[in-house]
Amino acid sequence: MTHSLHRIGSEETFQDDYVLISRPAMGINHVGCSPKIRRTLEIIFEEGPTNLGSLTTQENMTMGLDPQKMIAKTEDNSPVMCCFNERQKVVNVLTRLKEEEVGLSVVVTGLIDNVLGICQEVGLKPHSVNISLGVHGNG
Amino acid sequence: MKINQELCVGCGQCLPYCPMGAIERRKDTSQINWDECVECGICIRQVKCPVNAIYEPKETMEWPRSVRKVFSDPTSKHENTGVRGRGTEEVKSNDVTARFKRGFFGIALEFGRPGVGTRLGDVEVITKVLAEEGIAFEAANPLTFLMEDVRTGIIKADVRNEKVLSGIVEFVIPQENLEQVCTKIYESAGKANCIFSWALISRFEPDGKLSVIERLKKIGIKPSRNMKVNVGLGRPLRED
Ligand code: SF4
Ligand code: SF4
């Protein structure tokens, strides 16, 4: 639902707020990719996300999600969805995913200057971006 | 979704879980408003009902009601896209799919949201205007499958009144059409019966710049600085 994109708030509230999503491209590199998803999850859990949710087990960390059980249930189309409140943790996760050449797509949502700064530090060339043009209409 | 009236003890525990406020308290039991329920499944998954009274009747999966679950339940998988949830992969895997190429912009309009939802027919306020502009709607998007005719943007009569949590209209435009298309959407926004969020997908230019931001500002649209960046880790990497 791209909620991470359309969140509203002052820039200060976004300062240390990063949403990280990783997934394969269906029909291109998803077949047999569950080991890559598992490795991505292991790296993320080692760095310590603020929260992480699972569509497969219907849980998140605030509900007591068990990382090992979740990792064991990973399927080829399980997206990885988590958030961090520390820039350095995002840097660490991206650095490890790059060094290990895991190869799944990764998006990071946050203040654009911060995210681009992280990419520069890790040595990544940002590919594309999704930009919110606001919430409109009546309701 | 339904509540078995024979079993329900009216404890009310399930009421706060429904994002649509569709669970109503009656004298001794609770009932689900069938017309307002979007089949998101939160009640059946999350509520610890003491008597297991919440159930999914077979009508939930019968056409046209079945579209509610596809558009509202993030755990349901759309048959045509293989993606869990309502949309497509948008920018998330664009480094591998290259669906959004340099020289083009992707646009996504998401109608409804938790708490308000949308009737599927309500998206026509914008889809008809876009069709007049010659927009080609994203073929792999669940909402495109529900159009009577993609050249008119009209939604099939039998699903128009189906209520869903949200539905996303997606398409790609050549970059030279940015101002014209965005102005049309902006002008039509006030006529929409429900709220919609608007997102634009762009490639970074070879020098890392995003000139689309200045172009949008010139036509009075101020993009949020909170953005979703595909950092280019997907392999095999496709530039275009
Ligand atoms: S939680 Fe179960 S018993 Fe309680 S009101 Fe809801 S359906 Fe009825
Ligand atoms: S399925 Fe969703 S909308 Fe329907 S009653 Fe349950 S929580 Fe509410």
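As the structure is a prediction and not an experimental result, all values here were calculated from the model.

Quick notes on the rules
Residues numbered from 1 in each chain as written. Chains lettered and ligands numbered in written order. Predicted model: local features only at pLDDT ≥ 70, side-chain atom pairs only at ≥ 80, totals over all residues. Heavy atoms only, no water. Helix = DSSP H or I, 4+ residues; strand = E, 2+ residues; numbered from the N terminus. Buried < 20%, exposed > 50% of the residue type's maximum accessible area, 1.4 Å probe, protein only. Contact = heavy atoms within 4.5 Å. Areas by Shrake-Rupley, 256 points an atom, 1.4 Å probe, with all protein chains shown as cover. Lys, Arg positive; Asp, Glu negative; His and termini not counted. Charge placed at Lys NZ, Arg CZ, Asp CG, Glu CD. Phe/Tyr/Trp six-rings, centres within 6.5 Å; stacked < 30°, edge-to-face > 60°. Lys NZ or Arg CZ within 6 Å of the ring centre and 35° of its normal. pLDDT = per-residue confidence, 0-100. Polar contact = N/O pair within 3.5 Å; in protein donor to acceptor, adjacent residues only side chain to side chain. Core = buried A, V, L, I, M, F, W, Y, C linked by side-chain atoms within 4.5 Å. Near = heavy atom within 4 Å. Nonpolar A, V, L, I, M, F, W, Y, C, P; charged D, E, K, R; others polar.

**Student:** Looking at this structure, how should I read the overall build of chain A?
**Tutor:** Per the secondary structure count, chain A includes five helices and six strands. Secondary structure of chain A in N-to-C order comes out as α-β-α-β-β-α-β-α-β-α-β. Its C-alpha atoms put chain A at 40 × 40 × 30 Å along the principal axes. Expressed as a percentage of the 139 residues in chain A, the buried residues total 53%. Considering only contacts within chain A whose residues lie at least 6 apart along the sequence, 74% involve residues at least 24 apart. For chain A, the accessible area works out to roughly 6,000 Å², and carbon and sulfur atoms hold 49% of it. For chain A, the separation between the mean place of its 12 positive charges and that of its 17 negative charges on side chains is 6 Å.

**Student:** Whenever I open this one, the packing of aromatic side chains confuses me. Can you help?
**Tutor:** The geometry of an aromatic ring pair is captured by two quantities: the separation of the ring centres and the angle between the planes. Residue and element names in this part refer to chain B. Applying the stated rule across the entire model yields two aromatic pairs over all chains. On the basis of an interplanar angle of 90 degrees and a centroid distance of 6.2 Å, the ring pair of Phe137 and Phe171 is categorised as edge-to-face. One end of the pair, Phe137, is in the loop between α4 (124-132) and α5 (142-145); the other, Phe171, is in strand β10 (residues 167-174), with 34 residues separating them in the sequence. Given the relative accessible area of 1%, Phe171 is considered buried. The ring of Trp34 is capped by Lys2, whose NZ or CZ atom sits 4.8 Å from the centre of that ring. A cation sits over an aromatic face here: Arg65 above Trp34, 3.5 Å from the ring centre.

**Student:** Would you mind showing me how to read the confidence of the model for chain B here?
**Tutor:** It should be kept in mind that the predicted coordinates are not to be read in detail where pLDDT is low. Residue and element names in this part refer to chain B. Mean pLDDT over chain B: 91, with 95% of residues reaching 70 or higher. Counting contacts from residues 80-84, a segment whose pLDDT is below 50, to residues more than four positions away or on other chains yields 21 contacts. Here the predicted complex carries an ipTM of 0.97, next to a pTM of 0.88.

**Student:** Explain the environment of Glu59 of chain B to me, please; I cannot follow it from the model alone.
**Tutor:** Residue and element names in this part refer to chain B. On the secondary structure map, Glu59 appears in the loop between β4 (54-55) and α2 (66-72). Classification of Glu59 as partly exposed rests on a relative accessible area of 26%. The residues contacting Glu59, other than those within four sequence positions of it, are Lys2, Trp34 and Arg65. Of the polar contacts made by the side chain of Glu59, one reaches the side chain of Lys2; its length is 3.1 Å.

**Student:** Hey, could you run me through the nonpolar core in this one?
**Tutor:** As a rule of thumb, nonpolar side chains are buried together in soluble globular proteins. One finds Leu94 of chain A together with Ile107, Leu109, Leu130 and Phe171 of chain B to be the most contacted residues of the largest nonpolar core, which totals 75 residues. Apart from residues no more than four positions distant in its own chain, Ile107 of chain B is found in contact with Val169, Glu170, Phe171, Ile173, Val181, Cys182, Ile185, Trp198, Ala199 and Leu200 of chain B. Listed in part, the 18 residues of the second largest apolar core include Ile32, Val38, Cys43 and Ala53 of chain B.

**Student:** Explain the site of ligand 2 here, please?
**Tutor:** Taken together, Met1, Cys18, Pro19, Met20, Ile23, Ile32, Cys37, Val38, Glu39, Cys40, Gly41 and Cys43 of chain B are the residues near ligand 2. Here the shell around ligand 2 is composed, by residue class, of ten nonpolar, one polar and one charged.

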